[in-house]
Structures are given as C-alpha cells and as structure tokens.
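A look at the structure
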Amino acid sequence: IVNELWPLIRRGASGESNLGRRIAQGRHRLEAAWGNDTLELPQSAVCGLREFGWFAAHMLAHLPRFRTAYNDALESYRRAHGLRNRAHPVPDLDQSDGWLEAPFWIWSAEDPRRMPLFACQRSGELLISDRGRRTFSLSLTADGDAAVAVEQLEDLAARGIKIRTRALATTLFARLLLSDLFLHGIGGAKYDQVTNQIAQQFFGFELPDFAAVSATLRLPICCSESSDEQYHLRQKLRELNFHPERFLDGDANAAIVPEIVAEKRRWISAPKTSDNARVRHEAIGAANSALQPYIAPQRQHLQERLKESAARQHACSILRSRDYSFALFPRENLVRLMLAGQQ
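1. Re the pattern of salt bridges
Overall, the coordinates contain 21 salt bridges when judged by the stated rule. One salt bridge in this structure joins Arg-79 and Glu-75, with 3.8 Å as the shortest N-O distance. Residue Arg-79 and its partner Glu-75 are located together in helix H5 (residues 63-81), separated by 4 residues, close to a single helical turn. As a salt-bridge pair, Arg-159 and Asp-155 come within 3.4 Å of each other at their nearest N and O atoms. In this structure, a network of salt bridges that share partners links the residues Glu-75, Arg-78, Arg-79, Arg-86 and Asp-92.

Encoded structure:
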C-alpha cells in the first residue's frame, strides 16, 4: 500500500509542515478512496475547543479531589491485576511542596519539550506551572465561576502555550463529551477500566460505554518458528556434558580414553553409599571433564546449529509481529480481513 499512500502524503495540504499531520492526511485520503469517509481531528484541535477549556478548568479547580480519584483508580487496577510496578499502567499523579500534578502536559512553541503540569492554589487564584520556566495564574477556585479561567486558558493558547491531555485524560474527555460509544484497541481498553473508576469517583456518574476492537494481521512472509529444534539441541549439548562416552567416534581412540571410560563405568556401577557419595560424584565428574576434548568438534557443531536456530526464531518473531504499519501490507490482505469481520 505504501506505493499508493506515499504520493498522497507528498501531495499534502498547502502549507502543512507537520509530518505527523501530512501522514495522517495521506492515510485519510486513501481511506476515503476506499469509501471510508470519517471525520478526524488532531488532538491539538480538540484541545482548542472551548469545551476543553471548561473541562480543564473544572479538573484544575478540583485537582485535590481529582488526584485522589485518579490515584485510587490506579491502585485498584494494580491490585486487581497483580502489578507491583507503580509506573503501570501509568504513574500516579505526584505532589511536591504544595504543588499537585495534573493529568496534562504543558510546553510552548519556543520550547517544545513537554513537561508535566502542576497546580497550586494561592489566595483566590490558581497557579499552573511546569515547575521550571513557565508559571501562570488563573482566576480559579473550587467554588467560583470558571468562565474567566477558561478565557485565560484560551489566551495562553493564543500566546503559544500548549496544554494537552495525557493518556487517561484524553479518553476521559472523549468519553465524557464527544462520544456515545468509544472504540479502543486492546491496550487502551485496559486503561479505560481505570477511566471508568475515575469518572465514577470524581464526577459521580458512569461514562458512556467503551468497546475493545482488535484484529491480528501478519506480514505475508513465510517463516518457520519452532522451539522444538532448540530444545533438542540443548538436550544433546547437555548429554555431551554428562554422557560424553556415548559420542566418542573412531578418531577418539587415544590410549587414555578407554581407561577414562572404564573408570567412569566402574564408579557408576558401584552402589552409592553415604561413605562414597562425594568421592563417587567427583570421580564421575572428573571422567566427564577428561572426555570433553575428544567431543569438542561435536559440541562446536551443535552450538553453531543452536545459534543459527535461535537467529531464525528471532527473525521469525520479528516478521510475525503485529506492530507493522498498514502501509506495508498488500491492499487485498486488509480488505480480506475487514470483510471477514462482517461475516
């Protein structure tokens, strides 16, 4: 598909310099040619809506309560799924020196490095900051009218100050204000279990439903992936360690070899007792070690085969990944997959 898609990306919108938007616009044109005519907006446009200003102002005005709901929901999710890493599924909202972390990013056109947004209530106003170079004041309190704060957020946007939602807040806004049914992939749908609890605890009502939609399509490249071969090779290498006498060939007839094998067999046939257990074990191990030079070529051959098999398996696991861009697939493969979902 990339040969069909790339010219549409290069055509682009007049004056559009953002690579991500150019690629999205090309994909959208391609999908429209297939009869899939949908409305798509970049997140920057969504965050430019006046409704988003009210959403952000409400969350910032009630940030202590929202932060509690947010972190409680994450803790419940971790407990339910046995997660010990507090960075999963996303980190908690932090607090430091009276500043509370909000579920937003902030950056500017001059300094596009995004930073977490923090807020601090100070005598009738709310300070928002990246705890670095940028700090702004909003006329916002928990029990006051947020209209002025919404205008102030719009003014910040006009001045090139970007405030954007982070992962959970993105779907929270979409499900709260934009959708009757929110469709998610499997990974995002897991997180929306967290979003459900946040909304229930913070807003006091349930959000519209979400659904998980997923499909697996692999690149049409044949590869064989078998762990049985590696298992058998490792077993044979293990036998070389503990039963080297079974692999001696006709060239390993040094005078000492029969003596080593006979000594090992003598100790194996000797009944194991508490008195001889240690000596018997060490003697058998010494015999195995003494025979290793005579089977070194076989070991090297098996190790090379194991390395080649592992490389093939690694390559196959890459080729069979689900993560490749749709542009790398033949069009007919996508059509067949989508039509199969309608049957």
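2. Focus: unusual backbone geometry
As a rule of thumb, non-glycine residues mostly have phi less than zero, and peptide bonds are mostly trans rather than cis. A cis amide bond links His-88 with the next residue in sequence, Pro-89, at an omega value of -5 degrees. The phi dihedral of Ser-123 is positive, around 35 degrees, even though this residue is not glycine. Within the secondary structure, Ser-123 sits in the loop between strand E3 (115-122) and strand E4 (125-129). Phi is positive for Arg-131, which is not a glycine, with a value near 60 degrees.

3. Focus on the side chain of Ser-129
With respect to the helices, strands and loops of the structure, Ser-129 is situated in strand E4. By relative accessible area, which is 2% here, Ser-129 ends up buried. Beyond its immediate sequence surroundings of up to four residues, Ser-129 is in contact with Trp-99, Pro-116, Leu-117, Phe-118, Arg-134 and Thr-135.

4. As for the side chain of Lys-264
Relative to the assigned elements, Lys-264 resides in helix H10 (residues 256-269). When near neighbours in sequence (up to four residues on either side) are disregarded, Lys-264 contacts Phe-242, His-243, Pro-244, Glu-245, Ile-284, Ala-287 and Asn-288.

The rules we used
Residues numbered from 1 in each chain as written. Predicted model: local features only at pLDDT ≥ 70, side-chain atom pairs only at ≥ 80, totals over all residues. Heavy atoms only, no water. Salt bridge = Lys/Arg side-chain N within 4 Å of Asp/Glu carboxyl O. Helix = DSSP H or I, 4+ residues; strand = E, 2+ residues; numbered from the N terminus. Buried < 20%, exposed > 50% of the residue type's maximum accessible area, 1.4 Å probe, protein only. Contact = heavy atoms within 4.5 Å.

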